[in-house]
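This is what each chain is made of:
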Amino acid sequence: MAFRLNTSPLNRKLLRDLWHIRGQAIAIALVIGCGIGMYVMSKATLESLQQARSDYYHREHLAEIIAPVVRAPRSLVDSLQQITGVAVVQSRIRRSALVDVPGFSAPITSQLISLPSDSSIAISDLILKSGRQPDPAHPQEVLILEAFAIAHGLEPGAQLYATLNGSRRPLKIAGTVLSPEHIYTIPPGDIVPDNKRYGVIWMQRPLLADTFNFRGAANEFVATLSHNAIEADVIAAFDRVLEPYGAIGAYGRDRQISDQFLSNEIVQLETMSWFLPPIFLLVSGFLLHIVLSRLIATERENIGLLKAFGYTDRAVAQHYLSLVTIIAVLGAIIGLVLGISLSRGMNSLYLEYFHFPALPFILPPAVPLTAFVVSLLVAILATFGAVRASARLQPAVAMVPPAPPDYSGQLRGLEQWGARLSPPARMILRHILRWPGRALMTTVGIALSMALLIASSFSMDAIRHMVDVSFNLVDRQDVRISFVEKRPASALYDVQRLPGVLLAEGFSAIPVTLRNGHIHRNEVVLGMDTQPQLGRVIDQNYHPVEIPTEGLLLTRSLAERLRIGRGDFLEMQLREGRRGLYSVHVAGIVESYIGTGAYMNRTALDRLTRDTHQLSGANLSIDASQLDALYATLKATPVIAGIALLNEAQHAFDATMQETMGTMVFFNTLFAALIVIGVVYNSARVALSERGRELASLRVLGLTQREVSFILLGELWLLTILSLPLGALLGWTLSWALTKSLDTELFRIPLIIENRTYAYGALIVCLATLGSGRLIRRRIRQLDLIAVLKTRE
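A quick note: this is a predicted structure, and the numbers were derived from the prediction, not measured.

## Remarks on the overall build of the protein
- Check the secondary structure of the protein and you find 23 helices and 20 strands.
- On the principal axes, the C-alpha backbone points of the protein span a range of 100 × 75 × 55 Å.
- Counting every position in the protein, which comprises 793 residues, the buried fraction comes to 53%.
- The long-range share in the protein, meaning contacts at least 24 apart out of those at least 6 apart in sequence, stands at 82%.
- Summed over its atoms, the accessible surface of the protein is roughly 35,000 Å², and 58% of this surface lies on carbon and sulfur atoms.
- One way to put it: in the protein the 73 positive side-chain charges average out to a point 11 Å from where the 65 negative ones average out.

## Remarks on the sheet that holds strand β10 (residues 217-225)
- With respect to topology, 4 strands assemble into an open sheet ordered β2-β10-β1-β11, the strand pairing being antiparallel. Either end of the sheet is taken by a strand with one partner, and the two such strands are β2 (86-92) and β11 (251-252).
- For β2 and β10, the ladder comprises 6 bridges, and the chain directions are antiparallel. Among the inter-strand pairings, Ser 91 is bridged to a residue of β10, identified as Phe 221.

## Observations concerning the state of the cysteines
- Evaluation of the coordinates by the stated rule reveals 0 disulfides.
- Here Cys 766 stays unpaired: no disulfide links it, and the sulfur of Cys 34, its closest cysteine neighbor, is 20 Å away.
- Taking the relative accessible area as the measure of exposure, Cys 766 reaches 24% and is therefore partly exposed.

## Observations regarding a positive patch on the surface
- Residues Arg 706, Arg 774, Arg 777, Arg 778 and Arg 781 make up a contiguous surface patch of positive charge.
- The leading source of residues in the positive patch is helix α22 (residues 755-781), at 4 residues.
- By secondary structure assignment, the location of Arg 781 is in helix α22.

## Quick word on the packing of aromatic side chains
- Applying the stated criterion across every chain yields a total of 4 aromatic pairs.
- With a centroid separation of 4.7 Å and an interplanar angle of 20 degrees, the aromatic rings of Tyr 184 and Phe 261 are classed as stacked. One end of the pair, Tyr 184, is in the loop between β8 (167-178) and β9 (198-203); the other, Phe 261, is in helix α7 (residues 257-275), and 77 residues separate them in sequence.
- Where Tyr 184 meets Phe 354, the ring centres are 5.2 Å apart and the plane angle is 40 degrees; that geometry is what we call tilted. With Tyr 184 in the loop between β8 and β9 and Phe 354 in the loop between α10 (313-350) and α11 (366-392), the pair connects residues that are 170 residues apart, well separated along the chain. Of the two residues examined, Tyr 184 and Phe 354, each falls in the buried class.
- Members of the aromatic cluster, connected to one another through ring pairs, are Tyr 184, Phe 261, Tyr 350 and Phe 354.
- Against the face of Phe 361 rests Arg 344, its NZ or CZ located 4.4 Å from the ring centre.

## What about the nonpolar core?
- In this structure, Leu 49, Leu 292, Tyr 320, Leu 323, Phe 356 and Ile 675 are the most contacted members of the largest nonpolar core, which totals 128 residues.
- When residues no more than four places from it in sequence are discounted, the contact partners of Tyr 320 are Lys 13, Leu 292, Leu 295, Ile 296, Glu 299, Ile 303, Val 387 and Ser 390.
- Within the second largest apolar cluster, 54 residues are counted, among which are Val 177, Ala 209, Val 479 and Leu 630.

## Remarks on unusual backbone geometry
- Non-glycine residue Asn 213 carries a positive phi angle of around 60 degrees.
- Locating Asn 213 in the fold gives a position in the loop between α5 (205-211) and β10.

## Brief notes about the side chain of Asn 264
- Within the fold, Asn 264 resides in helix α7.
- Classification of Asn 264 as buried rests on a relative accessible area of 6%.
- Each residue touching Asn 264, except ones within four places of it in the same chain, is listed here: Thr 744, Leu 746 and Phe 747.

## Let's talk about a nonpolar patch on the surface
- Together, Leu 369, Val 373, Leu 377 and Leu 381 make up an exposed nonpolar region whose accessible area comes to about 410 Å².
- With respect to the secondary-structure elements, Leu 369 resides in helix α11.
- Note on Leu 369: relative accessible area 57%, which makes it exposed.

## Looking at the environment of Gly 249
- As for its placement among the helices and strands, Gly 249 is situated in the loop between α6 (231-242) and β11.
- Between the C-alpha atoms of Gly 249 and Val 512, which are 263 residues apart in sequence, the distance is 8.1 Å.
- Excluding its chain neighbours within four sequence positions, the residues that come into contact with Gly 249 are Ile 66, Pro 68, Asp 239, Asn 522 and Arg 575.

## Observations concerning the side chain of Asp 239
- Along the chain, Asp 239 turns up in helix α6.
- Exposure remark for Asp 239: the relative accessible area of 12% places this residue in the buried category.
- Aside from chain neighbours lying at most four places away, what touches Asp 239 is Gly 249, Ala 250 and Arg 575.

## Thoughts on the pairing of strand β7 (residues 159-164)
- The sheet contact formed by strand β3 (residues 94-100) and β7 spans 3 bridges and is antiparallel. Across the sheet, residue Leu 98 finds its bridge partner in β7, namely Thr 163.
- Sheet analysis places β7 next to β8, joined by 6 bridges and oriented antiparallel. Counterpart to Gln 159 in the pairing with β8 is Lys 172.
- Adjacent in sequence and paired antiparallel, β7 and β8 are bridged by 2 residues, among which Asn 165 carries a positive phi angle near 55 degrees.

## Comments concerning the packing of helix α2 (residues 22-60) against α10
- The interhelical angle for the contact between α2 and α10, taken along N-to-C directions, is 40 degrees, at an axis separation of 5 Å. If you check the angle between α2 and α10, you find them oblique. In the crossing of α2 with α10, the sense of the turn from one axis to the other is right-handed.
- Looking at the contact of α2 with α10 residue by residue, the class counts come to 22 nonpolar, 9 polar and no charged.

## As for α6
- Here α6 is 12 residues long and its end C-alpha atoms lie 16 Å apart, about the 16 Å a rise of 1.5 Å per residue gives.
- When α6 is considered as a whole, its buried residues turn out to be Val 234, Ile 235, Ala 237, Phe 238, Asp 239 and Leu 242.

## Quick word on helix α9 (residues 300-308)
- For α9, the full list of buried residues reads Ile 303, Gly 304, Leu 306 and Lys 307. Buried positions in α9, seen along its axis, are confined to an arc of 160 degrees and lie on one side of it.
- Where α9 is buried, its residues meet α1 (9-20), α8 (277-298), α10, α11 and α12 (395-398).
- Positive backbone phi, approximately 105 degrees, marks Gly 310, located one or two places after α9.

## Structural notes on the pattern of salt bridges
- The tally for this structure, following the rule as stated, stands at 25 salt bridges.
- Residue Glu 220 is joined to Arg 92 by a salt bridge in which the shortest nitrogen-to-oxygen separation is 2.6 Å. With Glu 220 in strand β10 and Arg 92 in strand β2, this pair connects stretches of sequence that are 128 residues apart. Like Arg 92, Glu 220 is buried.

## Comments concerning the pairing of strand β14 (residues 519-528)
- When strand β13 (residues 501-516) meets β14, the two strands line up antiparallel, connected through 9 bridges. Paired with Val 512 across the two strands is Glu 523, which belongs to β14.
- Counting the residues between successive antiparallel strands, the hairpin from β13 to β14 contains 2 residues, one of them, Gly 517, with a positive phi of roughly 65 degrees.
- Inspection of the sheet shows β14 paired to strand β18 (residues 598-601) by 4 bridges, in the parallel sense. Considered in β18, the bridge of Val 525 is made with Ala 598.

The rules behind each value
Residues numbered from 1 in each chain as written. Predicted model: local features only at pLDDT ≥ 70, side-chain atom pairs only at ≥ 80, totals over all residues. Heavy atoms only, no water. Helix = DSSP H or I, 4+ residues; strand = E, 2+ residues; numbered from the N terminus. Buried < 20%, exposed > 50% of the residue type's maximum accessible area, 1.4 Å probe, protein only. Contact = heavy atoms within 4.5 Å. Areas by Shrake-Rupley, 256 points an atom, 1.4 Å probe, with all protein chains shown as cover. Lys, Arg positive; Asp, Glu negative; His and termini not counted. Charge placed at Lys NZ, Arg CZ, Asp CG, Glu CD. Pairing = 2+ DSSP bridges. Disulfide = S-S within 2.5 Å. Patch = residues over 30% accessible without salt bridge, like charges linked within 9 Å, V, L, I, M, F, W, Y side chains within 5 Å. Salt bridge = Lys/Arg side-chain N within 4 Å of Asp/Glu carboxyl O. Phe/Tyr/Trp six-rings, centres within 6.5 Å; stacked < 30°, edge-to-face > 60°. Lys NZ or Arg CZ within 6 Å of the ring centre and 35° of its normal. Core = buried A, V, L, I, M, F, W, Y, C linked by side-chain atoms within 4.5 Å. Axes fitted to C-alpha atoms, helices over the stretch in contact; angles between N-to-C directions. Parallel < 35°, antiparallel > 145°, perpendicular 65-115°, else oblique. Left-handed = near helix turned anticlockwise from the far one by under 90°. Nonpolar A, V, L, I, M, F, W, Y, C, P; charged D, E, K, R; others polar. Expected span 1.5 Å × (residues − 1). Arc of directions from axis to C-beta.

Remember, this is a structural readout, not a statement about activity or role.
See the structure below:
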């Protein structure tokens, strides 16, 4: 049986109606498509990241418990293996060291990790990307992280040098690897990757043990858990067993730095999936309501004729529902294609920062289904009132033309002020007052687009502010060095004599557990001078805070997580030096946008630990002209384990944010501009359809095309101008909501919106309105005056 297209009169009318409003239909479909596209992109990318993480962690058996110690016998593996809930335990050696790559002047901080002696015990397995496994007969052979190798152009067989316990040792690269522990690889204390200045090296255990005096010992234990294990109980058991060996506190996978950054990105994608798409769908629903209401109003007589010829109320309602359904489905298709394309692009971008073996595109079947269902629901709910009115319209009533709009009294109370306006301006004002609801919805629609622009662009303002505060007010040092072992205070004099050092400030870092009732946190307390000049802390007004002689200073995010305030007491359990439990009062709350932190006067901290004047590292202000000499000296200094170059970190942060955030701002700007065009263009088309006879009459009476255009477009410009302050207010509100939803342990985003961001939002709105106005002016020029005057529409 041959296929035949249903060519019933209503279907032919449906096609004619769609063709008649094709411009408006496409504009609405694009707005729907933007919302659906953002939803599909965030959900698909979120699923891809979550699935890639889950598969990678499971396949390579990423450690679920990490327990650092000072030094413990490897034989403790058997005791830890007996803990309820533990599946597999492994010991290893982890040390920090400086690495020198030929041809690269700056010193490189690296993590040295021992390769397992027993390859049958699989915890945090490595994936070999190039080369081979190290040969036990050649202990100097190592594996390095692939990203580090790519950054320096290193290949298997190449050589680098490491300062190991005071001696410079050549290391030969046997292969490059990926590691589930280092999906996101950042130097200690930084927040963005720097593969040139930070690397991870896996060495054969015998060489590492001999070099650092760890024969038969380890300084870290890792474990995986059985299916029904309770992580908190296992961590507590690990701490009890390892307490005599200098345990600084076991922690779970969620505290592992790479997983923290990956989880933070997942939280942002989840927020995006529910936060922004409703704005687009809300605007599209408003546009559908306006367009369909106007279409039904102009087809009153046609509806009456249809019912007079026997078409039921249900048939008429289904006809108009079919029209909005087609627009909604078209928008959903556009959104699905757009979302898939954007998600694939995001996956490629993520692979530059998150080092997965692969990041395949995954689109859960529920996502497109949800997209289509939501699009249809929004379309049906937005037009339900207009469709019901068409179904209830009686033939006798429908055949009578509607009464013309009554503009009398629209300027009542404003006669004196209104009398000063020109006739076209009075017509604009009267029309707005005659349809206040429509004017309000148009204003709100344009304001929402400006709010979206501000909410997406404010992140750049916030990041610039975070960078300025972090690198210019808090961490003002040029270089931060950390020692292999604690050094006496006299070591600071040696540091000050290094080439190019203008100022040096020492600090101590002590691992502790902070407790407030049942809430506890493993943190590192920084012991600082009373009035530090380089590494400082600030209050909420960005003023430097003096480190009190007694008590702790907590960052606001840490205080909130501990549910404690200024003047309260908490318990501080030292994990180093003279271990014990002390009651310490909170002397103040300070601001920090990155991570959490606790600070204490170094003298007071020394009294608690009984490690008088012991330094963990130093902050340096340096003469930039002597950088090369300083680098050469630091490479040859055996007591230095790590170096952080703050200027380089700032540049890396800026570059990363410009690439990632800049891309998102570009797309959000494009989407917001489409909302403005959709709202303004549809409003103008509806107004032109309603007032076509009126405008044609004015042309016949002698008004110029410019004056007629002013009547129509002047109303839109007035509503656009009125929307700007509302858009600024809604933008501030959306930005505030985003800062709250994205407040994580890693980042505390400040609500900082610069004036230029408001100006940028207003400019895009005005340009979009100008573009829409030019399209409408073309329609005005094409008006057939005689045909318009001959017909009702």
